[in-house]
Structure formats: C-alpha cells, structure tokens
Amino acid sequence: MGFTALIVQTFAGDVIDKTQFDRRTFLSLASIATAFSASAILFVHEGNTDHALMFTTKIIEGISSSFIGPCVAALTLASFGPDNFDEVMASNLFWGHIGSVVSAVLAGLAGFILYPNIKFCFLVIGFSAILAVGGVRFLPEGDPVVGRGLESPRNSSVNPTPDYVPMAVKSHQSEVSSYQDVFLDRKTIVVCFTGFFFHFANANVLLVLGELMGGDNDDGSVKRTAIPLIAGAIVLAQCTMSVATYVGDELTKVGWGRKPLFMMGLLTLPIRCALIILWKDSGESYLLSTQILDGIGGGFFGLLHPYLVADITFGTGRFNVLMGLTASCFGLGATLSNLLGQIAVEEMGHVASLLGSLVLSLIPICLFSVGMPETYGQRGKGNEIRNAGYIGVV
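Residues numbered from 1 in each chain as written. Predicted model: local features only at pLDDT ≥ 70, side-chain atom pairs only at ≥ 80, totals over all residues. Heavy atoms only, no water.

A.B. asks: Just to check I follow, could you spell out the overall build of the protein chain for this structure?
C.D. replies: Broken down by element type, the protein chain carries 14 helices and 0 strands. Walking the protein chain from its N terminus toward its C terminus, one meets helices and strands in the order α-α-α-α-α-α-α-α-α-α-α-α-α-α. Within the span of the protein chain, comprising 394 residues, buried residues form 49% of the whole. Just so you have it, the protein chain exposes about 18,100 Å², and 68% of that area is on carbon and sulfur atoms. (Helix = DSSP H or I, 4+ residues; strand = E, 2+ residues; numbered from the N terminus. Buried < 20%, exposed > 50% of the residue type's maximum accessible area, 1.4 Å probe, protein only. Areas by Shrake-Rupley, 256 points an atom, 1.4 Å probe, with all protein chains shown as cover.)

A.B. asks: How do you make sense of the pattern of salt bridges when you look at a structure like this?
C.D. replies: Once the charged atoms of two side chains with opposite charge are near each other, the side chains can pair. In total, this model carries 14 salt bridges according to the counting rule given. Note that Asp14 and Lys18 form a salt bridge whose closest N and O atoms lie 3.1 Å from each other. Separated by 4 residues within a single helix, Asp14 and Lys18 lie in helix H1 (residues 2-18), roughly one turn from each other. On the basis of relative accessibility, which here comes to 13%, the residue Asp14 falls in the buried class. Here Arg272 makes a salt bridge to Asp294, at a shortest N to O gap of 3.3 Å. Here Arg272 is found in helix H9 (residues 258-278), whereas its partner Asp294 is found in helix H11 (residues 291-313), with 22 residues between them in sequence. Pair check on accessibility: Arg272 and Asp294 agree, each one buried. (Salt bridge = Lys/Arg side-chain N within 4 Å of Asp/Glu carboxyl O.)

A.B. asks: I keep staring at the confidence of the model for the protein chain and nothing clicks. Help me out?
C.D. replies: Do not read the predicted coordinates in detail wherever pLDDT is low. Put simply, the protein chain has an average pLDDT of 83, and 83% of its residues get 70 or more. Across residues 155-170 the pLDDT falls below 50, and counting only partners more than four positions away or on other chains, this stretch makes 29 contacts in the model. (pLDDT = per-residue confidence, 0-100. Contact = heavy atoms within 4.5 Å.)

A.B. asks: What is the right way to read the environment of Val205 from this model?
C.D. replies: Relative to the assigned elements, Val205 resides in helix H7 (residues 186-213). C-alpha separation for the pair Val205 and Ile276, spaced 71 residues apart in sequence, amounts to 9.1 Å. If we skip the residues at most four places from it in the chain, Val205 touches Leu269, Arg272, Cys273, Ile276, Leu354 and Ser357.

A.B. asks: Please explain the packing of helix H12 (residues 319-348) against helix H13 (residues 350-371) as it appears in this structure.
C.D. replies: The packing of two helices is summarised by the inter-axis angle and the distance between the axes. The N-to-C vectors of H12 and H13 enclose an angle of 140 degrees; their axes lie 7 Å apart at closest approach. Crossing angle aside, the handedness with which H12 passes H13 is right-handed. Across from Gly341, Ala344, Val345 and Met348 in H12, the residues of H13 making contact are His350, Ala352 and Ser353. The residue inventory of the contact of H12 with H13, partitioned by class, reads 4 nonpolar, 3 polar and no charged. (Axes fitted to C-alpha atoms, helices over the stretch in contact; angles between N-to-C directions. Left-handed = near helix turned anticlockwise from the far one by under 90°. Nonpolar A, V, L, I, M, F, W, Y, C, P; charged D, E, K, R; others polar.)

A.B. asks: When you look at the side chain of Arg258 in this model, what are you seeing that I'm missing?
C.D. replies: One can find Arg258 in helix H9. For Arg258, the side chain forms a polar contact with the side chain of Asp311, separated by 2.7 Å. Those residues within four positions of Arg258 in sequence are excluded, and the remaining contacts are Asp86, Thr252, Leu304, Tyr307, Leu308, Asp311, Glu374, Thr375, Tyr376 and Arg379. (Polar contact = N/O pair within 3.5 Å; in protein donor to acceptor, adjacent residues only side chain to side chain.)

A.B. asks: Just checking my understanding: could you explain the packing of aromatic side chains for this structure?
C.D. replies: Geometry of an aromatic ring pair is reported as the spacing of the ring centres plus the angle between the planes. For the coordinates displayed, the defined rule picks out 11 aromatic pairs. Centre to centre, the rings of Phe26 and Phe67 are 5.8 Å apart; their planes meet at 10 degrees, and the pair counts as stacked. Residue Phe26 is found in helix H2 (residues 23-39), and its partner Phe67 is found in helix H3 (residues 51-113); the two are separated by 41 residues along the sequence. Classification of Phe67 as buried rests on a relative accessible area of 16%. For the ring pair Phe196 and Phe197, a centre distance of 5.0 Å and an interplane angle of 80 degrees mean the geometry is edge-to-face. Phe196 gets classed as buried once you look at its relative accessible area, which sits at 16%. (Phe/Tyr/Trp six-rings, centres within 6.5 Å; stacked < 30°, edge-to-face > 60°.)

A.B. asks: Whenever I open this one, a nonpolar patch on the surface confuses me. Can you help?
C.D. replies: A grouping of Val102, Val105, Leu106, Leu109, Phe112 and Ile113 is seen on the molecular surface, where their side chains present a nonpolar patch of about 520 Å² in accessible area. Looking at the secondary structure, you find Leu109 in helix H3. (Patch = residues over 30% accessible without salt bridge, like charges linked within 9 Å, V, L, I, M, F, W, Y side chains within 5 Å.)

A.B. asks: Help me out: how do you make sense of H12 in this one?
C.D. replies: Residues spaced three or four apart along an α-helix point in a common direction, a consequence of the helix completing one turn every 3.6 residues. In a regular helix each residue adds 1.5 Å, so 30 residues correspond to 44 Å; H12 covers 42 Å between its end C-alpha atoms and thus fits that length. Of the residues flanking the end of H12, it is Gly349, one or two places downstream, whose phi is positive at about 105 degrees. (Expected span 1.5 Å × (residues − 1).)

A.B. asks: Got a minute to help me understand the packing of H7 against H13 in this structure?
C.D. replies: Running from N to C, H7 and H13 point in directions that differ by 160 degrees, and their axes come no closer than 9 Å. Between H7 and H13, the interaxial angle falls into the category roughly antiparallel. Handedness of the H7/H13 crossing: left-handed. For the contact of H7 with H13, the residue count by class is 16 nonpolar, 7 polar and 2 charged. (Parallel < 35°, antiparallel > 145°, perpendicular 65-115°, else oblique.)

A.B. asks: I tried to follow H2 on my own but got confused; where do I start?
C.D. replies: For H2, with 17 residues, the first-to-last C-alpha span of 25 Å sits near the 24 Å given by 1.5 Å per residue. Buried within H2 are the following residues: Arg23, Leu27, Ser28, Ala30, Ser31, Thr34, Ala35, Ser37 and Ala38.

A.B. asks: Sorry, what's going on with the nonpolar core here?
C.D. replies: A general trend in soluble globular proteins is that nonpolar side chains are found buried together. Phe262, Leu266, Phe319, Phe368 and Met372 are the most contacted members of the largest nonpolar core, which has 49 residues in total. Secondary structure elements with two or more residues in this core: H3, H7, helix H8 (226-253), H9, H11, H12 and H13. Residue contacts for Met372: discarding those within four places in its chain leaves Arg186, Lys187, Val190, Val191, Lys259, Leu308, Ile312 and Leu367. One finds Val8, Leu27, Ala30 and Ala74 within the second-largest nonpolar core, a separate group that totals 10 residues. (Core = buried A, V, L, I, M, F, W, Y, C linked by side-chain atoms within 4.5 Å.)

What follows is the structure in structure tokens.
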C-alpha cells in the first residue's frame, strides 16, 4: 500500500484537478475500494501464504486512499471557497480524528475479544468506509474551478446549492500555472522536504514504542496484552490531535500565522523521542503518555498542511496536484522510517533507533524555521507563482 500510494498520490491529485466528473463519485469509489480491501483479509488463510491476494488488495487500497485526501480537500475548497476553507477543513480534520478514535477503540476491542483471530478487527475499517459512502451523497459539489485552486468566475462567491451549475474546468485552461513553476517554488520545496524529514524521523517511533510496551510472543506473534496498549497509544494520540486541531483552528481565527503553529508541531518530536529514551524502563504509563506529544505534533502538522498548500497554490489551478506531491513526500519519509528504523532496532537496539529519530527530527525544524516565509493572509493575493508569467497545460 505504502509504495503504491507514493507513486499514485501526485497523479491522483492531478486527476482531481483536471477532472470534469463529479469529485463525489471519485470519493465514493475510493471508499468502496478501501472497504473491500480491508475486508479481504478474511480470505487470507492461516500462515499468510496468500501473497497474491494480500499484494493485490494493498495495491487497490494504496490507489484508493490516494484519491480520498485530494477529493475531500477539493470538495471543501469548491464548496466553501478560499476564505472559509481553513475553518471548514479544520472541522473535517477534527471529526476525522474523532472517527479514528472510535475506529481504534472498536478495532482494539474486537482484536482483544476475538484473540488470536485478530484479523476480524479489520472489519471495523470496512464498515466505516461503507458508512462514509452513504454520507458522500449529502456533500455539495461546489464549483470545480475553485476546487482546483482558481478564482471563481463569480468573483469568488461559491454557491453550493444543488441548482448551481458550475463552469467547466476546461474553460479555464489559460489561467493554470505550469507544473514547473508550482513544483519549483521555494515554499513548495521547503514544505516537501520539511514533511519528508519529519515523517522520516516520526513514523518509526510508534513502532518502537509499541515494542517497548507490548512485545511479542516467542513465536513472533503479537501478545494479547499488547493489543489494548497499542490501541490505547493510537487513541490517546488521536484524542490529542482532535484537541490540537481545535486549538490550532481557534488560534488561526485570532491571527496566529502558519509558521509558529507549524513550528510547535515540529518541536514536539525531539522532545517525545528524548522522553521515550529516558522513560524506557519506567513503565507502560510513562511510555503511553508520550503519545500526547505525538498528538500535538500530528494535529498541528495535519491542520497546517492543507492551509500551506492552499496559500501557495490558490490562483495557480494546481491545488490538488500539490496536495498529492506533498503527501507523496511525507509518505516516502514514513516508509523509509519504518524500514530503516526497524533495521536499526534489529542491529543496534531500540535506543539507537530512537536516537536516530531524535537527530533526524532536528532537520525539519531548522529547514522550516530558516527557509519558510509566513503565508498567512497571502492566499490568492498577488500569487508569486502566477506573477512569474508561466502558463501550463491543464
């Protein structure tokens, strides 16, 4: 799934930008594919010998998940416009975290009760995705031109009512900036590399934390006692992310810029790594409490990501493709983190792996603090990319 998403996400964002089909259709199809992919684990026989089935479902899940984020962001921008995007997107993320909490609790309970048949906990994901399909039809389509990050043909007034017929995306071909100018913009580069190094340092930490708290049986299987601990770590982080998302939204409303909030999220990671190293022998409650920092960091990072992309791209027509590109960079960092971090655990131990994450976490802090200008209040106002004078192909 991870490598598939890395390849597909940027292209998925580009498709969502250019499409003349209803983006709600893409979102529904992606949710259905996710539900079937998650449920396919029930057909895997004991011993995990059905490699073809597992690889196929993960590829499908990677492709479908690549469309969900850009679709939600595009529909939000299309329906509520650039002025209301931040507030509505924050609400979307807040309820997304609440949904993750409920899902993690239900999955954890299912895995613990049905142990050792823990594969049935994946049904929670399948049912959740099917419920999401039912809700998609209540979403407004909005203006697809605004949804890709262009000015509304009606002076940015977006009417999401069913009787509104939006202008075709293709009629605005001449207004779209080139890929080169969007991708090579300084702010784009800083966001991509900052996110890459943050996730490169961060993703492995939860795996190490789970190993320190729970551990495995002698045969390599997960201990039953580890299931509620890992679920608890996820729930605590998601609850904190919900709070961080709400706080970040409120601070944005009173004039806080992107940079201080994003920096607050980045600074939590080295502190978290240091505390896990310090408390590695202090008991499960101490280790579990470090997930509060994960929630603060993840909450602010997840909230500011679409804000920054909208600030950079609004007026260029490349909003969703940049959402996909940045997500690919973040995903690449997370994939390498899980791979190399676990190699470090096997070769040098948990502390060495965490020390590596701690050192790496300083790179995005330095990079963002030095290289990223403040973008708050700059959305669509004299966009530097548009002013470069280059026009691209839709």
